[in-house]
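# Fold and contact review
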Amino acid sequence: MAKVLFGAGCLWSIEETFRQLPGVVDVAVGYSGGVKDNPTYEEVCTGVTGHAEVVEVEFDEAKVAFESLLDVFWDCHDPTQLNFQGPDIGSQYRSVIFTQD
């Protein structure tokens, strides 16, 4: 199994998008890329922690290629919108990828 963190706006909508992809074993939501351990939602929303809303996607590389995950990532949001996606505004909604494997 392999893992990757994707930030593509509001974590709830992208969680469901990745969860439906064959070969994805699990999806968890959270925050990453900031300076504070275990920030609260309210702290992240202030923008001072530096975190992005992300989903951790655990996937079976024998069943889904990383490139397929990237295709979903690019299709599910507009990476040219700086610090917002649709109605969600703030630095936590930025487009970001954190690889783990």
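### Some remarks on the overall build of the chain
Tallying secondary structure elements over the chain gives three helices and six strands in all. Starting at the N terminus and walking to the C terminus, you meet the elements of the chain as β-α-β-α-β-α-β-β-β. The C-alpha atoms of the chain give 13 Å as radius of gyration, which agrees with the globular expectation for 101 residues (13 Å, within 12%). The dimensions of the chain, computed from C-alpha atoms along their principal axes, are 40 × 25 × 20 Å. Split into buried and exposed, the 101 residues of the chain put 39% on the buried side.

### Comments concerning the side chain of Asp 60
The residue Asp 60 is located in the loop between strand S3 (52-59) and helix H3 (66-75) in this model. Buried charged residue Asp 60 carries no salt bridge. Nearest counter-charge: Lys 63, at 4.2 Å. Sequence-distant contacts of Asp 60, defined by excluding residues within four places in its chain, comprise Met 1, Gly 23 and Val 25.

### Focus: the packing of aromatic side chains
Inspection of the entire model under this criterion finds four aromatic pairs. Here Phe 6 and Phe 73 contribute two aromatic rings whose centre-to-centre distance is 4.9 Å and whose plane-to-plane angle is 25°, an arrangement assigned as stacked. Here Phe 6 is found in strand S1 (residues 2-8), whereas its partner Phe 73 is found in helix H3, with 67 residues between them in sequence. Here Phe 6 matches Phe 73 in class, with each residue buried. Members of the aromatic cluster, each reached through a chain of ring pairs, are Phe 6, Phe 18, Phe 73 and Trp 74.

### Let's talk about the pattern of salt bridges
Inspection of the entire model under this criterion finds three salt bridges. Here Arg 19 and Glu 15 are joined by a salt bridge, their closest N and O atoms 2.8 Å apart. Of this pair, Arg 19 and Glu 15 both sit in helix H1 (residues 11-19), four residues apart, roughly one helical turn. Take Glu 15: its relative accessible area is 16%, and that puts it in the buried class. Across the pair Arg 19 and Asp 26 runs a salt bridge whose closest N-O atoms are separated by 3.9 Å. Overall, the relative accessible area of 36% leaves Arg 19 in the partly exposed class.

### Quick word on unusual backbone geometry
Residue Asn 38 is not a glycine yet carries a positive backbone phi of 50°. One can find Asn 38 in the loop between strand S2 (24-32) and helix H2 (41-46). Since its relative accessible area comes to 73%, Asn 38 is described here as exposed.

Conventions adopted
Starting afresh in each chain, residues are numbered from 1 along the sequence in its written order. The model is predicted, so local features are restricted to residues of pLDDT at least 70 and side-chain atom pairs to those at 80 or more, both for listing and for counting; the totals for chains, interfaces and linings are taken over all residues. Side-chain figures throughout are based on the complete set of non-hydrogen atoms in the structure, without hydrogens or water. Helix and strand definitions follow DSSP, with helices as H or I runs of at least four residues and strands as E runs of at least two, each counted in order from the N terminus. Taken over C-alpha atoms, the radius of gyration is set against a globule rule of 2.2 Å times the number of residues to the power 0.38. Type-normalised accessible area, obtained with a 1.4 Å probe on protein chains alone, sets the label of each residue: buried when under 20%, exposed when over 50%, and partly exposed for intermediate values. The convention is simple: Lys and Arg are positive, Asp and Glu are negative, and His and the chain ends are not counted. The salt bridge criterion pairs a side-chain nitrogen of Lys or Arg with a carboxyl oxygen of Asp or Glu, the two atoms within 4 Å. In this description, contact between two residues means that some pair of their heavy atoms is separated by no more than 4.5 Å. Pairs were defined over the aromatic rings of Phe, Tyr and Trp, the Trp ring being its six-membered one, requiring ring centres within 6.5 Å. Orientation was assigned from the angle between planes: stacked under 30 degrees, edge-to-face over 60, tilted for the rest.

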